[in-house]
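Architecture at a glance
Letter by letter, the chains look like this.
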Amino acid sequence: VQLQASGGGLVQAGGSLRLSCVSSTNINVMGWYRQAPGKQRELVATITSGGLTNYLDSVKGRFTISRDNAKNTVYLQMGSLKPEDTAVYYCNGRPSAILNYWGQGTLVTVSS
């Protein structure tokens, strides 16, 4: 399984970015994690193939995760970005409770 993420970049505080992640196969649960410098990786959002979503509290109302099952693609629309959202964002695919796949990270930098 391969996950290819894209869409990171530099944006000013208050701005928006959209991340995309294409999977080589259909995966039940897909999501995004992030890791800021000196911090542990944390879950940002997940979405099941049926559309059930879960969000990190600090991004609720600002970020929206969605997916296109026909394209095996998951998106993360990020709005009202804050400097504390700066991190490397990783796409994640979890076909089952014991399998975990990771894409390469994409850097999101939010300037104040």
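All of these numbers come straight from a predicted model, not from anything done at the bench.

By the definition in use, this model includes four salt bridges. Between Arg 34 and Asp 85 there is a salt bridge, with the nearest N and O atoms lying 3.0 Å from each other. Remark: Asp 85 occurs in the loop between strand S8 (73–78) and strand S9 (87–96) and Arg 34 occurs in strand S4 (residues 29–35); sequence separation between them is 51 residues. The same class applies to Arg 34 and to Asp 85, which are both buried. Each member of the salt-bridge network shares a partner with another, and the members are Arg 34, Glu 42, Arg 62 and Asp 85.

Moving on, we come to the pairing of S4. Of all seven residues in S4, six are buried, a share of seventy percent or more. Note that S4 and strand S5 (residues 42–48) share six bridges and pair antiparallel. Note on S5: the bridge partner recorded for Tyr 33 is Leu 43. Taking the residues that link successive antiparallel strands as the turn, the S4-S5 hairpin has six residues, and the phi of Gly 38 there is positive, at about 80 degrees. Two elements, S4 and S9, share seven bridges in a ladder whose sense is antiparallel. Pairing of Gly 31 across the sheet is with Asn 92, part of S9.

Scanning the model with the defined rule gives one disulfide in all. In this model, Cys 21 is linked to Cys 91 through a disulfide, with the two sulfur atoms separated by 2.0 Å. Taking the sign of the torsion about the S-S bond as the criterion, the disulfide between Cys 21 and Cys 91, at about -85 degrees, is left-handed. One end of the pair, Cys 21, is in strand S3 (residues 17–23); the other, Cys 91, is in strand S9, with 70 residues separating them in the sequence. Taking the relative accessible area as the measure of exposure, Cys 91 reaches 0% and is therefore buried.

By the alternation rule, side chains of strand S7 (residues 63–68) split into Phe 63, Ile 65 and Arg 67, which are all buried, and Thr 64, Ser 66 and Asp 68, of which none is buried. When S7 meets S8, the two strands line up antiparallel, connected through six bridges. Among the inter-strand pairings, Arg 67 is bridged to a residue of S8, identified as Val 74. Connecting the antiparallel pair S7 and S8 is a turn made up of four residues, with Asn 72 showing a positive phi of about 50 degrees.

So, about the environment of Gln 12. In this fold, Gln 12 is placed in strand S2 (residues 9–12). On the basis of relative accessible area, Gln 12 is assigned to the exposed category, the value being 59%. Between the C-alpha atom of Gln 12 and that of Ser 80, which follows or precedes it by 68 residues, the distance is 9.5 Å. With residues up to four places along the chain from it excluded, the contact list for Gln 12 reads Val 110 and Ser 111.

Each value, and the rule that gives it
- Residues numbered from 1 in each chain as written.
- Predicted model: local features only at pLDDT ≥ 70, side-chain atom pairs only at ≥ 80, totals over all residues.
- Heavy atoms only, no water.
- Salt bridge = Lys/Arg side-chain N within 4 Å of Asp/Glu carboxyl O.
- Helix = DSSP H or I, 4+ residues; strand = E, 2+ residues; numbered from the N terminus.
- Buried < 20%, exposed > 50% of the residue type's maximum accessible area, 1.4 Å probe, protein only.
- Pairing = 2+ DSSP bridges.
- Disulfide = S-S within 2.5 Å.
- Contact = heavy atoms within 4.5 Å.

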